[in-house]
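# Structural overview
Each chain, written out:
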Amino acid sequence: MEKNTVAKNTVEKNAVKKNKLVIVVGSVREGRFGPVVSSWVAEQAAAHGGFEVEVVDLAEVDVPLALPAASPKFAGADYPRPAGMARLTEALEGADAFVIVTPEYNHSYPASLKAAIDWHFTQWTAKPVAFVSYGGAAGGRHAVLHLENVLTELHAVTIRDGLAFPNYFTAWADGRPDDPQAPGYAKVLLDQLSWWAGALKAARAAVPYPA
Ligand SMILES: Cc1cc2nc3c(=O)[nH]c(=O)nc-3n(C[C@H](O)[C@H](O)[C@H](O)COP(=O)(O)O)c2cc1C
């Protein structure tokens with residue numbers, strides 16, 4: 001085999017080994033700031049190198065508030081989701097890790113995010129979730145505390161080191177945070193997420209999760 005072929009195969013093998021990271025944009029409000037934050041997070045994740053990155057924007061997904069009668073936990077693939085939700089469901093299903101980008105609304109996270117979470121169950125199970133939040137003085141930390149609680153119920157594993165951007169309206173310019181340390185903090189979050197993504201992926205493959 002030629003040297004170039006060996007190098008190409010190694011690159012392809014490494015590419016296959018990358019964990020699939022889904023970044024969820026939680027806010028759907030008109031004039032929202034969420035996409036600015038999620039674009040920057042996606043940039044950091046691509047630069048990290050450990051992930052194949054997909055951004056799912058809930059504003060582009062049909063996420064009704066009214067749920068079907070059955071439970072998504074027990075209905076499995078038969079759960080009757082709207083056609084406009086397929087991209088979200090497929091992304092969650094195929095993900096090895098998640099970053100949820102959330103603002104803070106009334107000391108919690110947006111209803112759009114709760115609906116998207118509630119339409120699914122097994123898609124979150126035994127997978128790691130990290131949080132990037134933004135808001136006023138608390139930087140969205142109240143929203144993250146609530147999300148940690150909810151995602152634990154779904155057997156997800158929440159990552160300790162999150163990124164919180166207080167008073168984002170004066171702390172961001174030209175699509176990025178002013179704080180020069182922010183990329184370093186993002187790397188710590190992504191390193192932890194990558195570790196958990198690999199560990200949990202191997203564990204899920206070895207033994208079915210006892211949920
Ligand atoms: C309904 C509503 C409630 C809010 N409540 C809070 C809050 O409790 N704490 C906070 O820090 N910011 C709060 N904010 C300000 C948001 O953090 C800010 O508007 C942010 O831009 C919202 O994210 P988005 O632009 O992506 O929708 C609230 C905003 C809205 C629309």
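See the structure shown above.
Anyway, here's the lowdown on the structure attached to this text. Counting restarts for each chain: residues are numbered from 1 in the order of the written sequence. Given that this is a predicted model, residues contribute local features only at a pLDDT of at least 70 and side-chain atom pairs are listed and counted only at 80 or more, while totals for whole chains, interfaces and linings are drawn from all residues. Based on all heavy atoms of the structure, the side-chain values leave hydrogens and waters out of the count.

### A closer look at the overall build of the chain
Selection rule: Going along the chain from the N terminus, every DSSP run of H or I of four or more residues is numbered as a helix, and every run of E of two or more is numbered as a strand. Here the radius of gyration uses the C-alpha set of atoms, whereas the globule reference equals 2.2 Å times the residue count to the power 0.38. Buried means the residue's accessible area, taken with a 1.4 Å probe over protein chains only, is under 20% of the maximum for its type, while exposed means over 50%, and partly exposed covers the values in between. Contacts between residues were defined by any pair of non-hydrogen atoms, one from each residue, lying within 4.5 Å. Working convention for charge: Lys and Arg count positive, Asp and Glu count negative, and His plus the chain ends are omitted. To locate a charge, take atom NZ for lysine, CZ for arginine, CG for aspartate or CD for glutamate.
Scanning the chain from terminus to terminus reveals eight helices and eight strands. Rg of the C-alpha trace for the chain: 18 Å, near the compact-globule value of 17 Å for 211 residues, within the 12% margin. Dimensions of the chain along its principal axes, counting C-alpha atoms only, are 60 × 45 × 30 Å. The 211 residues of the chain split such that 44% are buried. Counting only contacts in the chain whose residues sit at least 6 apart along the sequence, the fraction spanning at least 24 positions is 82%. When the 19 positive and 22 negative side-chain charges of the chain are each reduced to one mean point, those points stand 6 Å apart.

### Considering the site of the ligand
Rule in force here: What makes a residue near a molecule or strand is one non-hydrogen atom of that residue sitting within 4 Å of it. The definition of a polar contact used here is a pair of N or O atoms within 3.5 Å, where within protein one atom must be able to donate a hydrogen and the other to accept one, and adjacent residues in sequence count solely through side-chain atom pairs. The Shrake-Rupley method, run with a 1.4 Å probe, gives the accessible areas here. Residue values count only the displayed protein chains as cover. All residues other than Ala, Val, Leu, Ile, Met, Phe, Trp, Tyr, Cys, Pro, Asp, Glu, Lys and Arg, Gly among them, are scored as polar; the first ten of these are nonpolar and the last four charged.
Surveying the vicinity of the ligand reveals 14 residues, the closest of which are Arg29, Tyr105, Tyr134, Gly136 and Tyr168. Here an oxygen atom of the ligand and a backbone polar atom of Phe33 are 2.7 Å apart. A distance of 3.1 Å separates a nitrogen atom of the ligand from a polar atom in the side chain of Glu104. Surface burial for the ligand is 73%, taken as the share of its 600 Å² of free accessible area covered by protein chains. Looking at the shell around the ligand residue by residue, the classes come out as five nonpolar, six polar and three charged.

Don't take any of this as a statement about function, it's just geometry.
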